[in-house]
Amino acid sequence: RKEVEQDPGPFNVPEGATVAFNCTYSNSASQSFFWYRQDCRKEPKLLMSVYSSGNEDGRFTAQLNRASQYISLLIRDSKLSDSATYLCVVAYNFNKFYFGSGTKLNVKP
Amino acid sequence: GAVVSQHPSWVICKSGTSVKIECRSLDFQATTMFWYRQFPKQSLMLMATSNEGSKATYEQGVEKDKFLINHASLTLSTLTVTSAHPEDSSFYICSARGDLGGTSRGYNEQFFGPGTRLTVL
């Protein structure tokens, strides 16, 4: 069983749409959770950390559900520039980071 | 702040040769560096974790004699792919964690290098 599982997509949405991604993780001892964004043939860049209380950064909202072992990312008012692959990352002991395979988002005009 | 560089950005080599990839933290001290490999349309796979001054910890299935990792200083780690074969062709990415000075951010977050695309003919 994979440590982190994501729907690969692609999610094709029009500009201005709201889109949500989910990610599940298998290790209940996981301590830290992140969403990264990766553009084609580039390195991942941190989008946001995910806290137990949830967090919001502009159009992006992340939620953590420890009981069900999943995290989510909500993007409101999608922009063309949001088109990318979104990687769910789960870590424990701060030295074990596991990446999901990514969810591809295509925002169309 | 928190910039990580990798060199070279791409390399093409013949089968059987060795290739060294450098990962540097430019503006902070990286106590831990991670090496990942990413095949097309797949996720990043952690290969090994290295702490400055100690031996790297390899993930299951990664041959430590084939992928030599050296983390000799707080700003430099190297990955050497020995006797490279076509199946080693991949995108190799390093990341670093460490002391950003006055913040815990560096210890909770990984900063990625731009990656090295290796093609073995």
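Residues numbered from 1 in each chain as written. Chains lettered and ligands numbered in written order. Predicted model: local features only at pLDDT ≥ 70, side-chain atom pairs only at ≥ 80, totals over all residues. Heavy atoms only, no water.

Undergrad: Got a sec to walk through the side chain of threonine 80 of chain B? Specific residues and values, please.
TA: Residues and elements named next belong to chain B. Among the structural elements, threonine 80 can be located in strand E8 (residues 76–81). On the basis of relative accessible area, threonine 80 is assigned to the buried category, the value being 17%. In this view, threonine 80 contacts Ser18, Val19, Lys20, Lys66, Phe67 and Leu68; residues no more than four positions away in its chain are not counted. (Helix = DSSP H or I, 4+ residues; strand = E, 2+ residues; numbered from the N terminus. Buried < 20%, exposed > 50% of the residue type's maximum accessible area, 1.4 Å probe, protein only. Contact = heavy atoms within 4.5 Å.)

Undergrad: I'd like a description of the nonpolar core, backed by residues and values.
TA: Of all hydrophobic cores here, the largest spans 26 residues; its most connected members are Val4, Phe28, Trp35, Phe67, Leu79, Tyr92 and Leu118 of chain B. Only strand E2 (10–13), strand E3 (19–25), strand E4 (29–38), strand E5 (44–51), strand E7 (67–73), E8, strand E9 (90–99) and strand E11 (116–120) of chain B provide two or more residues apiece to this core. Counting 25 residues, the second-largest nonpolar core is a separate cluster that includes Val19, Ile75, Tyr98 and Leu105 of chain A. (Core = buried A, V, L, I, M, F, W, Y, C linked by side-chain atoms within 4.5 Å.)

Undergrad: Which residues make up the pairing of strand E8 (residues 70–75) of chain A, and what values do they have?
TA: Every other side chain in a regular strand lies on the same face of the sheet, so the side chains alternate between the two faces. Residues and elements named next belong to chain A. Strand direction decides the pairing type here: strand E3 (residues 19–25) and E8, joined by 6 bridges, are antiparallel. Across the sheet, phenylalanine 21 pairs through a bridge with leucine 73, a residue of E8. Sheet analysis places strand E7 (residues 60–65) next to E8, joined by 6 bridges and oriented antiparallel. Counterpart to phenylalanine 60 in the pairing with E8 is isoleucine 75. Between E7 and E8, which pair antiparallel one after the other, the connecting turn spans 4 residues, and glutamine 69 there sits at a positive phi close to 55°. (Pairing = 2+ DSSP bridges.)

Undergrad: Can you lay out the side chain of aspartate 82 of chain A for me, pointing to particular residues and giving the numbers?
TA: Residue and element names in this part refer to chain A. Within the element layout of this structure, aspartate 82 appears in the loop between E8 and strand E9 (84–92). In this structure aspartate 82 comes out as buried when scored by relative accessible area, which is 2%. Within the local environment of aspartate 82, its side chain forms a polar contact with the backbone nitrogen of lysine 79, the two atoms lying 2.8 Å apart. Once you skip the residues sitting within four places of it in the chain, aspartate 82 turns out to touch Arg37, Arg59, Phe60, Ile75, Asp77, Leu105 and Val107. (Polar contact = N/O pair within 3.5 Å; in protein donor to acceptor, adjacent residues only side chain to side chain.)

Undergrad: Any details on the interface of chain A and chain B? Residues and values, ideally.
TA: You'll often see interface size given as the accessible area lost when the parts meet. Opposite the 17 residues of chain A that make contact, chain B presents 21 residues. Among the residues chain A hides against chain B, the three largest losses belong to Asn95, Phe97 and Phe99 of chain A. Together they make up 33% of the total. Here chain A and chain B share 0 salt bridges between them. Counting the contacts that link chain A with chain B gives 4 residue pairs in polar contact (both at pLDDT 80 or more). (Buried area = accessible area lost by both parts, 1.4 Å probe. Salt bridge = Lys/Arg side-chain N within 4 Å of Asp/Glu carboxyl O.)

Don't take any of this as a statement about function, it's just geometry.
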